[in-house]
Amino acid sequence: MAGIRDVAKLAGVGVATVSRVLNGSGYVSEETRKKIVQAMEELNYTPNELARQLYHKRSGIIAVLMPDVSHPFFSELVKNIETILYERGYKTMLCDTFKEKNSEKEYLNMLERNIVDGIITGVHSLDVESYQKISKPIVAFDRVLGDRIPVVRVDHKVGGRLAAQMLYESGCRNVLQFHGAKVVTSPSHERHMEFERYMREHGAGVTSVELLWNRFDTQYFKDVTRQVLAGNPDIDGVFGADLLMAYCIKAAYSQGRKVPDDLKLVAYDGTYVTETVTPEITAIEQPVPQIARELVGIICDMIEGKELKDHKVILDVKVKKGATTLNEFAEMAK
């Protein structure tokens, strides 16, 4: 079986030069790189597919960065992205930044060194400037990384308004909402601003609870919902992400409150979680398969050098009928 030394000998170069081509690091002239790729093909040192990818300066790999893949929404999104990338001829390199603290920076470095062809990112660890320094293919989900980097998101303003309307029309006049950390630059904040605007405009009271930055684990959600509900016994409606609302139901019942009789809920995301609890949770549903298709389509177009039609893709949300609000309004808004 041929080894890296055999490749170097046949190509007439040093082992270190072959290594640089394999790793996508350091400078190698175009003529020398072609010799090395040809030698690898002749010796069957690497699969022909990989050799062709090296020849075209591509790895065939897209890095997907998500905050916590154990979270139902991110898990569903990654599953859809991976499936569509595979159909487009790419492999997925998954990065869970919740477990790997410095991984976001490391994956950007891998993009610079051509180890991956592009990055789909939905994380919020690094500052915008870190992304702006890179001219290679990057597309963001629900995060603003500057005018140059495309972003795919939903119409959060509409989502926030629908959630507020459902709770208000269900009779709620003193509501609470959970929102993400404000240190993050994300369009998702629009849903909470619109939710509060609508409620106050209609004379309802609103309490907003800011969650800790980059915390998506279930234990945190369990603790925070129990504490917040215990500290706000007069609220009659709650708005927040799916898992939070599932734990709100559990906390409410443990504190002697019935859903939806005493407390009404609207979730945001609309994942399978809303269907696994009793009562099923009314939700604002993000179209995960469509989000994944848009993200993959954009990153592939960028890699292939195609001109993008739009750097900002905004998708529609819809109401997913449940039993934690008045069903008549949920049906009407669907």
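Per chain, residues are indexed from 1 in the order of the written sequence. Totals for whole chains, interfaces and linings use all residues, but because this is a predicted model, local features are given only for residues with pLDDT of at least 70 and pairs of side-chain atoms are given and counted only at 80 or more. Water and hydrogen atoms were dropped before computing side-chain values, which therefore reflect all heavy atoms in the structure.

Under an unreviewed UniProt entry, the name given to the chain is LacI family DNA-binding transcriptional regulator, and the organism recorded is Ruminococcus turbiniformis.

This brings us to the overall build of the chain. Comment: elements are numbered from the N terminus, with helices defined as DSSP H or I runs of at least four residues and strands as E runs of at least two. Assigned secondary structure in the chain consists of 13 helices and 12 strands. Residue burial in the chain is summarised as follows: out of 334 residues, 51% are buried. The contact criterion used throughout is that any non-hydrogen atoms of two residues lie within 4.5 Å. Once local pairs closer than 6 in sequence are excluded, the contacts in the chain between residues at least 24 apart make up 67%. The protein chains shown are the only cover counted for residues, whose accessible areas, like all others here, come from Shrake-Rupley with a 1.4 Å probe. For the chain, the exposed area adds up to about 15,800 Å²; of that, 48% sits on carbon and sulfur atoms. Partly exposed describes any residue whose relative accessible area lies between the buried limit of under 20% and the exposed limit of over 50%, with all areas from a 1.4 Å probe on protein chains only and scaled to the type maximum.

Interaxial distance between helix α5 (residues 72-87) and helix α12 (residues 288-303) falls to 9 Å at its minimum, and their mutual angle equals 50°. Considered as vectors, α5 and α12 are oriented oblique to each other. Of the two possible hands of crossing, α5 and α12 adopt the one that is right-handed. Contacts between α5 and α12 involve Phe73, Glu76, Leu77, Asn80, Ile81, Ile84 and Leu85 from the first element and Val288, Pro289, Ile291, Ala292, Arg293, Leu295 and Val296 from the second. Polar here means any residue other than Ala, Val, Leu, Ile, Met, Phe, Trp, Tyr, Cys and Pro, which are nonpolar, and Asp, Glu, Lys and Arg, which are charged; Gly is therefore polar. The residue inventory of the contact of α5 with α12, partitioned by class, reads 11 nonpolar, 1 polar and 2 charged. Helix axes are fitted to C-alpha atoms over the stretch in contact, other axes to C-alpha atoms as well, and angles between N-to-C directions run from 0 to 180 degrees. Roughly parallel means an angle under 35 degrees; roughly antiparallel, over 145; roughly perpendicular, 65 to 115; everything else is oblique. Crossing handedness follows the turn of the near helix against the far one: under a right angle anticlockwise gives a left-handed crossing, and clockwise gives a right-handed one.

Turning to the sheet that holds strand β4 (residues 138-141), a few remarks are in order. An order of β2-β1-β3-β4-β5-β11 is seen for the 6 strands of this open sheet, with the pairing classed as parallel. Each edge of the sheet is formed by a strand with only one pairing partner; in this case those strands are β2 (91-96) and β11 (312-315). Each strand of the sheet is rotated relative to its neighbour by a mean of 20°, with strand direction disregarded. Docked against the sheet, α12 engages β1 (61-66), β3 (118-121), β4, β5 (151-154) and β11, running at close to 165° with respect to β4. Only when DSSP finds a minimum of two bridges between them are two strands counted as paired.

The next thing to look at is the confidence of the model for the chain. Per-residue confidence from the prediction method is given by pLDDT, with values spanning 0 to 100. This prediction gives the chain a mean pLDDT of 88; 90% of its residues lie at or above 70. A low-confidence stretch, residues 329-334 stays under pLDDT 50, and its non-local contacts, those more than four residues away or across chains, total 13 contacts.

So, on to the nonpolar core. To qualify as a nonpolar core, a set must consist of buried Ala, Val, Leu, Ile, Met, Phe, Trp, Tyr and Cys residues joined through side-chain atoms within 4.5 Å. Leu77 and Ile81 are the most contacted members of the largest nonpolar core, which totals 48 residues. Among the elements that take part in this core, α12 stands out by supplying 9 residues, more than any other. Residue ranges for the domains trace back to a domain assignment, done automatically or taken from a database. Three or more residues apiece are contributed to this core by two domains, here domain 2 (61-154 + 289-315) and domain 3 (156-287 + 318-333). Sequence-distant contacts of Ile81, defined by excluding residues within four places in its chain, comprise Val64, Met66, Ile120, Ala292, Leu295 and Val296. Val209, Leu244, Cys248 and Ala283 belong to the second-largest nonpolar core, a separate cluster that totals 29 residues.

All right, on to the packing of aromatic side chains then. A pair of Phe, Tyr and Trp rings is counted when the ring centres sit within 6.5 Å of each other, with Trp represented by its six-membered ring. The angle between the planes then sorts it: under 30 degrees is stacked, over 60 is edge-to-face, the rest tilted. This structure, assessed with the given rule, holds 7 aromatic pairs. Ring plane angle 75° and centroid distance 5.8 Å describe the contact between Phe73 and Phe74, whose orientation is recorded as edge-to-face. Taken individually, Phe73 and Phe74 each receive the classification buried, so the pair is uniform in this respect. Through pairs of rings, three or more aromatic residues link up here, namely Phe73, Phe74, Phe141 and Phe216. A positively charged side chain is recorded as over a ring if its NZ (Lys) or CZ (Arg) lies within 6 Å of the ring centre. The angle to the ring normal must also be within 35 degrees. Positioned above the aromatic ring of Tyr168, the side-chain terminus of Arg173 is 3.7 Å from the ring centre.

What follows is about the packing of helix α1 (residues 4-11) against helix α2 (residues 15-23). Running from N to C, α1 and α2 cross one another at 105°; their axes reach a closest spacing of 8 Å. Considering their axes alone, α1 and α2 lie roughly perpendicular with respect to each other. On α2, the residues touching Ile4, Arg5, Val7 and Ala8 of α1 are Val15, Val18, Ser19 and Leu22. For the contact of α1 with α2, the class distribution of residues is 6 nonpolar, 1 polar and 1 charged.

Before going further, it helps to examine the side chain of Arg191. Note that Arg191 resides in helix α9 (residues 189-201). Buried within the structure, Arg191 lacks any salt-bridge partner; Asp142 is the closest side chain of opposite charge, at an N-O distance of 4.9 Å. His is not counted here, nor are the chain ends, while Lys and Arg score as positive and Asp and Glu score as negative. By definition here, a salt bridge exists when the distance from a side-chain nitrogen of Lys or Arg to a carboxyl oxygen of Asp or Glu is within 4 Å.

This part covers the environment of Gly322. Considering the arrangement of structural elements, one finds Gly322 in the loop between β12 (318-320) and α13 (327-333). Taking the C-alpha atoms as reference, Gly322 lies 8.0 Å from Thr274; in sequence the two are 48 residues apart.

Turning to the pairing of β4, a few remarks are in order. Remember that side chains alternate between the two faces of the sheet whenever the strand is regular. On β4, burial covers both faces: Ile138 and Ala140 on one face and Val139 and Phe141 on the other are all buried. As paired strands, β3 and β4 are joined by 3 bridges and run parallel to one another. Across the sheet, residue Ile120 finds its bridge partner in β4, namely Val139. By the bridge criterion, 2 bridges tie β4 to β5 in an arrangement that is parallel. Bridging from a neighbouring strand, Ala140 pairs with Val151 of β5.

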